[in-house]
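Residue-level structural notes
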Amino acid sequence: MSSVHVSPENIGRFADHARDCASEVNNELAKGRSAVIDVENKVNVAISNTNALIEEMVRDFEHAQKVYEENCELLEKKEAEYNAVEKQLSAARDSLEAAQEEQTRAKNSSSGSTPEEKKAHDSAVSAANSAVSSASSAVSSLKSELTKIGKVIERINRANSRLRDIMYIVKNQMREAREYIAGLQKQLRAVMGKKERFESEGKRAVDSFNTLAIVATNAKSYIDSACKSLADAADKDYSSYDNRVSMNSIHALIDAAEIMENMKESVQNFTHDQKERVQEFSDTLGDSISYHMAQVGADIGEKMVHATATFDEKAQKLRQAYKQLVAYTNIHYTRY
């Protein structure tokens, strides 16, 4: 047994609400798309800027590496020079030591007794002094040169140490920058995945609300059509007819339609029988009283025929209302 307790106005409001919900979800979907596009643009800008920084760091690293390699080549040369000068200094020190020993021997030797011997002695001492002075100057010069080369080597080593630190820092920064880009890309993929799920869920929601609106609109149409048929069956003006429907069994409409159809048929049969009786009384009995009674019955039958003349039409309206209400009660909403 199907029951109906509904108002088309309420159904209409529900349909409007479902359409409003679909529109609201569509608006939120549009906002979500806009937000994702904004995030994607910002991520792309960040990646582009970071890539530009990486390119600069690569250039800095390559430049530092080139300078480091050049310094290593120069260091190798300076170390070779240092070793050569160091050997020269060692030889010069040996020469100075020998000159000093010779100077000592010359000074300690006898000057002689004759002027010639004295002159020869002084000449030997002078030569020894000159040799010591020359050897000492050579040692001093080589020591100065060795100190200069040592300072150059020290500067190169300090520069290379700084360059190694710079290259290490730049390498770490490049690694961190690439990890930063990879992290951004991973986050963007996650956002895009959520966007797809958001779009999918949103579309299902919109489709569900639109389907609800269609179902509700169809339901309202069925109820309106049923109410119009009921109004026609009741000889009411549909515009002023109370179109709220509340019944415990729509099958009562079929019962009523059958009763009206059977009533019309019974009235027609009764009237036909009465007409035959009037004719029989007129033809055979000639009893005015019986004839009059039969005529009265026939007249009443005619009035009943007139009164039930539209019962077929009304019964059809009831059947139409029944069909619309059956369609209403059979409406099925499929959730997406």
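Thresholds, definitions, all that
Residues numbered from 1 in each chain as written. Predicted model: local features only at pLDDT ≥ 70, side-chain atom pairs only at ≥ 80, totals over all residues. Heavy atoms only, no water. Helix = DSSP H or I, 4+ residues; strand = E, 2+ residues; numbered from the N terminus. Buried < 20%, exposed > 50% of the residue type's maximum accessible area, 1.4 Å probe, protein only. Contact = heavy atoms within 4.5 Å. Areas by Shrake-Rupley, 256 points an atom, 1.4 Å probe, with all protein chains shown as cover. Axes fitted to C-alpha atoms, helices over the stretch in contact; angles between N-to-C directions. Parallel < 35°, antiparallel > 145°, perpendicular 65-115°, else oblique. Nonpolar A, V, L, I, M, F, W, Y, C, P; charged D, E, K, R; others polar. Patch = residues over 30% accessible without salt bridge, like charges linked within 9 Å, V, L, I, M, F, W, Y side chains within 5 Å. Salt bridge = Lys/Arg side-chain N within 4 Å of Asp/Glu carboxyl O. Lys, Arg positive; Asp, Glu negative; His and termini not counted. Charge placed at Lys NZ, Arg CZ, Asp CG, Glu CD. pLDDT = per-residue confidence, 0-100.

1. Describing the overall build of the chain
Along the chain, the regular secondary structure elements total five helices and two strands. Each helix and strand of the chain, ordered N terminal to C terminal, gives the series β-α-α-β-α-α-α. Taking all 336 residues of the chain together, 29% fall into the buried category. A separation of at least 24 residues holds for 86% of the contacts in the chain among residues at least 6 apart in sequence. Counting only carbon and sulfur atoms, one obtains 51% of the accessible surface of the chain, whose full area is about 21,900 Å².

2. Quick notes on the side chain of E199
Examined against the element boundaries, E199 turns out to sit in helix α2 (residues 115-233). Taking the relative accessible area as the measure of exposure, E199 reaches 18% and is therefore buried. Excluding anything up to four places from it in sequence, E199 contacts L29 and R33.

3. A closer look at the packing of helix α1 (residues 8-108) against α2
At a minimum axis separation of 3 Å, α1 and α2 run at an interaxial angle of 170 degrees. With respect to their mutual orientation, α1 and α2 come out roughly antiparallel. Within the contact of α1 with α2, the residues separate by chemical class into 64 nonpolar, 23 polar and 21 charged.

4. Some words on a negative patch on the surface
Together, E69, E70, E73, E76 and E79 line one region of the surface with negative charge. Within the secondary structure, E73 sits in helix α1.

5. Quick notes on the confidence of the model for the chain
Interpretation of the predicted coordinates at a detailed level should be avoided for regions scoring low in pLDDT. In the predicted model, the chain carries a mean pLDDT of 79, and 72% of its residues have values of at least 70. Of all helices and strands in the chain, the one with the weakest mean pLDDT is helix α4 (residues 288-307) (56), whereas α1 scores best (89).

6. Overview of the pattern of salt bridges
Summed over the entire model, instances satisfying the criterion amount to 10 salt bridges. We note a salt bridge from K31 to E28, for which the minimum N-O separation is 3.5 Å. Taken together, the positions of K31 and E28, both in helix α1 and three residues apart, correspond to about one turn of that helix. On the accessibility criterion, K31 (53% relative accessible area) is exposed. The salt bridge involving E179 is made with R175; its shortest N-O contact spans 3.2 Å. Linking E179 with R175, this pair stays in helix α2, spanning four residues, or about one helical turn. The exposure class assigned to E179 is partly exposed, which follows from its relative accessible area of 46%. Residue classification places R175 among the partly exposed positions, given a relative accessible area of 38%.

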